[in-house]
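Reading the structure
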Amino acid sequence: MSTKPSAGTVRWLNPDEERAWRAFLRVMVAVRTGTARDLAAIGLSEPDYEVLSTLSERPDHTSTLGEQADKMGWSRSRLSRHATRMEARGLLRRSPDPADGRGCLLVLTEHGLDTLGNAAPAHVDSVRHHFIDRLDAEDLAAIERIARKVGEPQAGNDRPPNECRSA
């Protein structure tokens, strides 16, 4: 049984929706490309910065690998490989998770905290340059409102789009 919808059941985007979708994609690409380039200039990737900043905000500068992977939208194995590279650079260390014998904790090192402290001002400048300073208060409020709507789970819709249901 195919899960692909027939052409007659697809809700195609109208011209306004298509323009909005493509504009959203352009904004995401422009901002992420600019901030990623600026982070790379100081020796960090976006995922490096995300992990470091998250750990810096956590009690004891520690998070489970699973919690961090979920926050980033990554698989645990992908984050584990990335954490291995960060650990080799002395930015974090891993330790066994006492609550989960199969899991591990990511712990921010002093070097990682120092690296974040040195990178944060440049990152904030980059975010301002590529995003915040281009918008006014009304634009920022609209983005927050949109993010709340898009980030909310859809009521009664816990299935992926176009998944077939049995009758």
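A closer look at the pattern of salt bridges
Taken as a whole and judged by the stated rule, the model has eight salt bridges. Across the pair Asp48 and Arg89 runs a salt bridge whose closest N-O atoms are separated by 3.1 Å. Residue Asp48 is located in helix H2 (residues 46-57), and its partner Arg89 is located in the loop between helix H4 (76-88) and strand S2 (92-97); the two are separated by 41 residues in the primary sequence. Taking the shortest distance from any N to any O, the salt bridge between Arg128 and Asp133 comes out at 3.3 Å. Here Arg128 falls in the partly exposed class, since its relative accessible area comes to 39%. The exposure class of Asp133 is exposed, given its relative accessible area of 54%.

Examining the confidence of the model for the protein
Detailed reading of the predicted model is not advised wherever pLDDT is low. Per-residue confidence for the protein gives a mean pLDDT of 89; residues scoring 70 or more make up 87%. Taken together, the stretch residues 159-167 has pLDDT below 50 and engages in five contacts with residues farther than four places along the chain or on a different chain.

Re the environment of Glu46
Tracing the chain through its elements places Glu46 in helix H2. With 14 residues separating them along the chain, Glu46 and Arg32 place their C-alpha atoms 8.6 Å apart. Leave out the neighbours within four places in its chain, and Glu46 touches Arg32, Thr35, Ala36 and Leu39. Side chain to side chain, Glu46 and Arg32 meet in a polar contact 3.4 Å long.

What to know about H2
The end-to-end C-alpha distance of H2 is 17 Å, a good match for the 16 Å that 12 residues give at a rise of 1.5 Å each. Three or more residues of H2 are buried, namely Asp48, Tyr49, Val51, Leu52, Ser53, Thr54 and Leu55.

Details of the sheet that holds S2
Spatially, the three strands line up as an open sheet ordered S1-S3-S2, and their pairing is antiparallel. In this open sheet, the two strands that pair with only one neighbour each are strand S1 (62-64) and S2. Each adjacent strand pair in this sheet contributes to an overall mean axis angle of 30°, direction not counted. One ladder, built from three bridges, connects S1 with strand S3 (residues 100-108); its direction is antiparallel. Along S3, the bridge assignment pairs Thr62 with Val107. Strand contacts of H2: S1, S2 and S3, with the helix running at about 95° to S3, the strand carrying the most contacts.

A short note on the pairing of S2
Bridge count between S2 and S3: six bridges; the pairing is antiparallel. Its bridge partner lying in S3, Ser95 is registered against Leu105. Linkage of S2 to S3, two consecutive antiparallel strands, is achieved through a turn of two residues.

What counts, and at which threshold
- Residues numbered from 1 in each chain as written.
- Predicted model: local features only at pLDDT ≥ 70, side-chain atom pairs only at ≥ 80, totals over all residues.
- Heavy atoms only, no water.
- Salt bridge = Lys/Arg side-chain N within 4 Å of Asp/Glu carboxyl O.
- Helix = DSSP H or I, 4+ residues; strand = E, 2+ residues; numbered from the N terminus.
- Buried < 20%, exposed > 50% of the residue type's maximum accessible area, 1.4 Å probe, protein only.
- pLDDT = per-residue confidence, 0-100.
- Contact = heavy atoms within 4.5 Å.
- Polar contact = N/O pair within 3.5 Å; in protein donor to acceptor, adjacent residues only side chain to side chain.
- Expected span 1.5 Å × (residues − 1).
- Pairing = 2+ DSSP bridges.
- Axes fitted to C-alpha atoms, helices over the stretch in contact; angles between N-to-C directions.

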